[in-house]
Amino acid sequence: MAATYKRILLKLSGEALMGDDSYGINRAVIERIVGEIGEVVALGVQVAVVIGGGNIFRGVAPAAEGMDRATADYMGMLATVMNAMALSDAMKRQGLECRVQSALNLEQVAEPFIRGKALRYLEEGKIVIFGAGTGNPFFTTDTAAALRGVEMGVEVVIKATKVDGVYTADPKIDASASRYQELSFDEAIAKNLKVMDATALTLCRDQNLPIIVFSIFKPGALKRVVTKQDEGTLVHCN
């Protein structure tokens, strides 16, 4: 089945890399996620990735209590770069071409974020992994995903979570909760459905950039998303 999208941005949380571990990177999980990304690349889809750092920062979170917020945020950005490096290594071992770009200046381990270069990499079929969020404290990696998505001219931001879409209520608590197949940005904001943070949602809405929320833990789900099968929840403008 042919892909519907030519260029996507995949937002991966750091927690997605943990698997069932309490923190850190689960090797089997990261290899499976990379395999899913490889299936999409094989369809001719250009893939950019923004990755979080919660799996690493969780291990140092107790020490960060009471810490200056900006300092803690910079620590979180460094955690995302570590995840980006691990993801890049796993991709290379599976034969996928990729580049890591960081919003912080860490030239020994990653290229600096340069929009034109990133666009060229995507056009060449390379995966581009963006680390260090926006490079600024007080902004989440959700906002970084929205920002990079707009800058890269992607057709959709695809947010990978542990749940297979957006529900009317928490399905773990409410057995009657049902999955939205689609909803508008305004609905998501008004109902506080926590698709992404408010800044990211507003930016995507203003730039008419749709979001799809799906479960990265369902085998083949990412491929079904890019081929527009019934997978996840589509959030779009009215």
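Shown above is the structure to which this text applies.
Residues numbered from 1 in each chain as written. Predicted model: local features only at pLDDT ≥ 70, side-chain atom pairs only at ≥ 80, totals over all residues. Heavy atoms only, no water.

Trainee: Please clarify how the packing of aromatic side chains should be interpreted in this entry.
Mentor: Two numbers describe a pair of aromatic rings. These are the distance of the centres and the angle of the planes. Summed over all chains, the structure comprises one aromatic pair. Its guanidinium or amino end placed over the ring of Tyr121, Arg99 lies 5.3 Å from that ring's centre, counting from NZ or CZ. Sitting over the face of the ring of Tyr121, Arg120 holds its NZ or CZ atom 5.8 Å from the ring centroid. (Phe/Tyr/Trp six-rings, centres within 6.5 Å; stacked < 30°, edge-to-face > 60°. Lys NZ or Arg CZ within 6 Å of the ring centre and 35° of its normal.)

Trainee: I keep staring at the environment of Ala86 and nothing clicks. Help me out?
Mentor: Structurally, the position occupied by Ala86 is in helix α3 (residues 69-93). The sequence separation of Ala86 and Ile30 amounts to 56 residues, and the corresponding C-alpha distance is 8.4 Å. When sequence neighbours within four positions are dropped, the list of residues in contact with Ala86 reads Ile25 and Ile30. (Helix = DSSP H or I, 4+ residues; strand = E, 2+ residues; numbered from the N terminus. Contact = heavy atoms within 4.5 Å.)

Trainee: Help me understand the environment of Ala42, please; the structure alone is not making it clear to me.
Mentor: Among the secondary structure elements, Ala42 is positioned in helix α1 (residues 27-42). For Ala42, a relative accessible area of 67% translates into the label exposed. (Buried < 20%, exposed > 50% of the residue type's maximum accessible area, 1.4 Å probe, protein only.)

Trainee: What is the right way to read helix α4 (residues 115-123) from this model?
Mentor: For the α-helix, the turn length of 3.6 residues means that residues three or four positions removed from each other point alike. For α4, the full list of buried residues reads Ala118, Leu119, Tyr121 and Leu122. The arc that holds the buried residues of α4, viewed along the axis, is 160°, so those residues lie on one side. Buried residues along α4 sit against β1 (7-12), β2 (46-51), β3 (98-102), β4 (111-112), β5 (127-131) and α5 (141-152). (Arc of directions from axis to C-beta.)

Trainee: Help me understand the pattern of salt bridges, please; the structure alone is not making it clear to me.
Mentor: Oppositely charged side chains can pair when the atoms bearing their charge come close. One pass over the full model with this rule turns up 16 salt bridges. The residue Arg93 makes a salt bridge to Asp89 at a minimum N-O spacing of 3.0 Å. You can see Arg93 and its partner Asp89 sitting in helix α3, four residues apart, about one turn around the helix. One salt bridge in this structure joins Arg205 and Asp186, with 3.1 Å as the shortest N-O distance. Of this pair, Arg205 sits in helix α7 (residues 198-206) while Asp186 sits in helix α6 (residues 185-190), and the two are 19 residues apart along the sequence. A relative accessible area of 29% means that Arg205 is categorised as partly exposed. (Salt bridge = Lys/Arg side-chain N within 4 Å of Asp/Glu carboxyl O.)

Trainee: How should I be thinking about unusual backbone geometry in this particular structure?
Mentor: When glycine is set aside, most residues are seen to have a negative phi, and most peptide bonds are trans. With phi around 75°, Phe138 is a residue other than glycine that occupies positive phi space. Relative to the assigned elements, Phe138 resides in the loop between β5 and α5. With phi around 50°, Asn192 is a residue other than glycine that occupies positive phi space. Checked against the element boundaries, Asn192 lands in the loop between α6 and α7. In this structure Asn192 comes out as exposed when scored by relative accessible area, which is 51%.

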